[in-house]
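Working through the structure, step by step
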Amino acid sequence: MSELRFEGVTVRYGRALTAVDGVDLTVPSGQVVGLVGESGSGKSTLARAAVGLAELAGGRILLDGVPLRDRRPLQMVFQDPYSSLDPRMTIGDSIAEAAAKGPRGARRDEVARLLELVGLDADRASTYPGALSGGQRQRVAIARALAGRPEVLIADEITSALDVSIQGTVLNLVRTLQRELRLSMLFISHNLAVVRYVSDIVAVMYLGRIVEAGPARDVLGNPQHPYTKELLAAAPRRGSTSLPPPDEALRLVADAEPADPHHPPAGCRFHPRCPIGPLIRTDREHCLTLDPTTEADHRLHRAACHHAAGVLRAVGSNPPVLKELKEDLQ
Ligand code: ADP
Ligand code: MG
């Protein structure tokens, strides 16, 4: 078990684009942090930074308090199960390649163990990815990630490319494995319904920043940031497939310009779309100039909004004592 911690992590593409901007986020040992946000908000870039595929322009990434150098304890599963496996290799060889070196027989046994772990017959080892469905390929990609015996698993949109009918079984598999193997997991999806299903902690990302984070039941049951509320309003409710009608205020901001990460707005980055901001409330000019990003990282539930309610307010008052906050959240 291991804790993965992002401290002030910034990642840039060229000079013009800051895709991840000073992110603080902790994945506690053995827990699932669900990272949600619309396309382009920087989720994949944060994941890629963790596994060493994107260079840090600032901040650091720690595993159990130690800066990451060797990425071996971290493994990642990607969105596309078609491109993540080599079509010329049998799935057994693909998995064996990712497993620790050892005598042939031991590796064969390890491949069989991993295939069974992800719900595939061990005798499928000699098949090629081309003969498998999308869901089966994603199971192989998960087995391959587990072959590295990771302590932390990063899952980036792993069900997004799959047929809706099999998304649930893959989600169940991941959740079961996470618990059985006591993995720490950063689970990324643009789909709040999917994130809600697997997460202990939910973090919401918008234009390169975490705008709200906390225990899943608090963030989803008592969302503070207007963007989180917008995501919740757009997500299908549990057990329902139809979308609820948009709220009046949301309709007002629906025509706003989409977020452009090359030119993030000053002040609160969400203000051009915010249903409780200066677009609707002319007295809220400070949202145009004052950045509400919270530094209160020790809070259980944090929201980067000038108008988040009570103790969760991000700026102004002194950070509340953790004990009081805990009581407040109960
Ligand atoms: P998400 O996973 O939330 O959709 P990404 O991390 O993929 O977001 O992208 C964040 C921003 O960085 C987007 O504006 C995207 O266009 C840009 N971006 C992502 N990858 C690259 C890259 N390799 N080169 C340049 N820009 C990139
Ligand atoms: Mg992505």
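For the structure itself, look to the data block above.
The following refers to the structure shown. Owing to the predicted nature of the structure, the values given are computational and were not obtained by experimental measurement.

A short note on the sheet that holds strand S2 (residues 17–27)
Sheet architecture is open: four strands sit in the order S2-S1-S4-S5, paired in antiparallel fashion. The open sheet has two edge strands, S2 and strand S5 (66–67), and neither has a second partner. Examined bridge by bridge, strand S1 (residues 4–13) and strand S4 (residues 58–63) share five bridges and lie antiparallel to one another. Directly across from Arg-5, in S4, lies its bridge partner Leu-62. Strands S1, S2 and S4 of the sheet are contacted by helix H1 (residues 43–50), whose axis makes an angle of about 115° with S1.

Topic: the site of ligand 1
Near ligand 1 you find Tyr-13, Leu-17, Ala-19, Glu-38, Ser-39, Gly-40, Ser-41, Gly-42, Lys-43, Ser-44, Thr-45 and Pro-261, and these make up its full shell. One of the backbone N or O atoms of Gly-42 is found 3.1 Å from an oxygen atom in ligand 1. Here ligand 1 has 560 Å² of accessible area as a free molecule, and 61% of this is covered by the chains. Looking at the shell around ligand 1 residue by residue, the class counts come to four nonpolar, six polar and two charged.

Thoughts on the pairing of strand S7 (residues 152–156)
Of all five residues in S7, five are buried, a share of seventy percent or more. Sheet topology note: the strand S6 (residues 74–77)/S7 ladder contains four bridges and is parallel. Paired with Gln-75 across the bridge in S7 is Leu-153. Both S7 and strand S8 (residues 184–189) contribute to a ladder of five bridges, which runs parallel. Among the inter-strand pairings, Leu-153 is bridged to a residue of S8, identified as Met-185. Remark: the S7/helix H5 (residues 164–180)/S8 crossover connection has right-handed handedness.

Notes on the environment of Glu-55
By the element assignment, Glu-55 lies in the loop between H1 and S4. What makes Glu-55 exposed here is its relative accessible area of 70%. The spacing of Glu-55 and Tyr-13 is 42 residues in sequence and 9.3 Å in space, taken between C-alpha atoms. Glu-55 has contacts with Thr-10 and Val-11, leaving out every residue within four places of it along the chain.

Focus: the pairing of strand S3 (residues 32–36)
The two faces of the sheet receive side chains in turn, since in a regular strand these alternate between them. Of all five residues in S3, five are buried, a share of seventy percent or more. The alternating pattern of S3 places Val-32, Gly-34 and Val-36 on one face and Val-33 and Leu-35 on the opposite face, and all of these are buried. By the bridge criterion, five bridges tie S3 to S8 in an arrangement that is parallel. Following the sheet pairing, Val-36 is matched in S8 by Ser-189. Bridge count between S3 and strand S9 (residues 201–206): four bridges; the pairing is parallel. Note that in S9 the partner of Gly-34 across the bridge is Val-202.

Points about the environment of Val-32
Within the secondary structure, Val-32 sits in strand S3. Residues Val-32 and Arg-182 lie 150 residues apart in sequence; the distance between their C-alpha atoms is 10.0 Å. Once you skip the residues sitting within four places of it in the chain, Val-32 turns out to touch Gln-178, Met-185, Phe-187, Val-198, Ser-199, Asp-200 and Ile-201.

Quick word on the nonpolar core
Formed by 53 residues in total, the largest nonpolar core has its most connected members in Ile-95, Ile-142, Phe-187, Val-202 and Val-204. No other element matches helix H4 (residues 134–147), which puts seven residues into this core. The two domains that each donate at least three residues to this core are domain 1 (4–219) and domain 2 (225–329). Sequence-distant contacts of Ile-142, defined by excluding residues within four places in its chain, comprise Val-77, Val-118, Val-170, Leu-173, Val-174 and Leu-177. Ranked by size, the runner-up nonpolar core spans 30 residues in total, among them Val-27, Ala-49, Val-152 and Ile-210.

Regarding the packing of aromatic side chains
According to the stated counting rule, one finds three aromatic pairs in the structure shown. With a centroid separation of 4.7 Å and an interplanar angle of 55°, the aromatic rings of Tyr-206 and Tyr-227 are classed as tilted. Taken together, the residues Tyr-206 in strand S9 and Tyr-227 in helix H8 (residues 226–234) connect sequence positions 21 residues apart. Considered together, Tyr-206 and Tyr-227 belong to a single accessibility category, that of buried residues.

Let's talk about the side chain of Thr-90
With respect to the element layout, Thr-90 can be found in the loop between S6 and helix H2 (91–98). In contact with Thr-90, other than residues within four places in its own chain, are Ala-125, Ser-126, Thr-127 and Tyr-128.

Section: H4
With 14 residues, H4 should reach 20 Å at 1.5 Å per residue; the first-to-last C-alpha distance of 20 Å fits that figure. Among the 14 residues that make up H4, twelve are buried, leaving the element largely enclosed by the rest of the structure. When H4 is considered as a whole, its buried residues turn out to be Gly-134, Gly-135, Arg-137, Gln-138, Arg-139, Val-140, Ala-141, Ile-142, Ala-143, Ala-145, Leu-146 and Ala-147. As for H4, its buried residues are in contact with S6, H2, helix H3 (104–117), S7 and H5. In the segment just after H4, Arg-149 is the residue with positive phi, at about 45°.

About the thresholds
- Residues numbered from 1 in each chain as written.
- Chains lettered and ligands numbered in written order.
- Predicted model: local features only at pLDDT ≥ 70, side-chain atom pairs only at ≥ 80, totals over all residues.
- Heavy atoms only, no water.
- Pairing = 2+ DSSP bridges.
- Helix = DSSP H or I, 4+ residues; strand = E, 2+ residues; numbered from the N terminus.
- Contact = heavy atoms within 4.5 Å.
- Axes fitted to C-alpha atoms, helices over the stretch in contact; angles between N-to-C directions.
- Near = heavy atom within 4 Å.
- Polar contact = N/O pair within 3.5 Å; in protein donor to acceptor, adjacent residues only side chain to side chain.
- Areas by Shrake-Rupley, 256 points an atom, 1.4 Å probe, with all protein chains shown as cover.
- Nonpolar A, V, L, I, M, F, W, Y, C, P; charged D, E, K, R; others polar.
- Buried < 20%, exposed > 50% of the residue type's maximum accessible area, 1.4 Å probe, protein only.
- Right-handed = clockwise from strand over helix to strand, strands pointing away.
- Core = buried A, V, L, I, M, F, W, Y, C linked by side-chain atoms within 4.5 Å.
- Domains from an automatic or database assignment.
- Phe/Tyr/Trp six-rings, centres within 6.5 Å; stacked < 30°, edge-to-face > 60°.
- Expected span 1.5 Å × (residues − 1).

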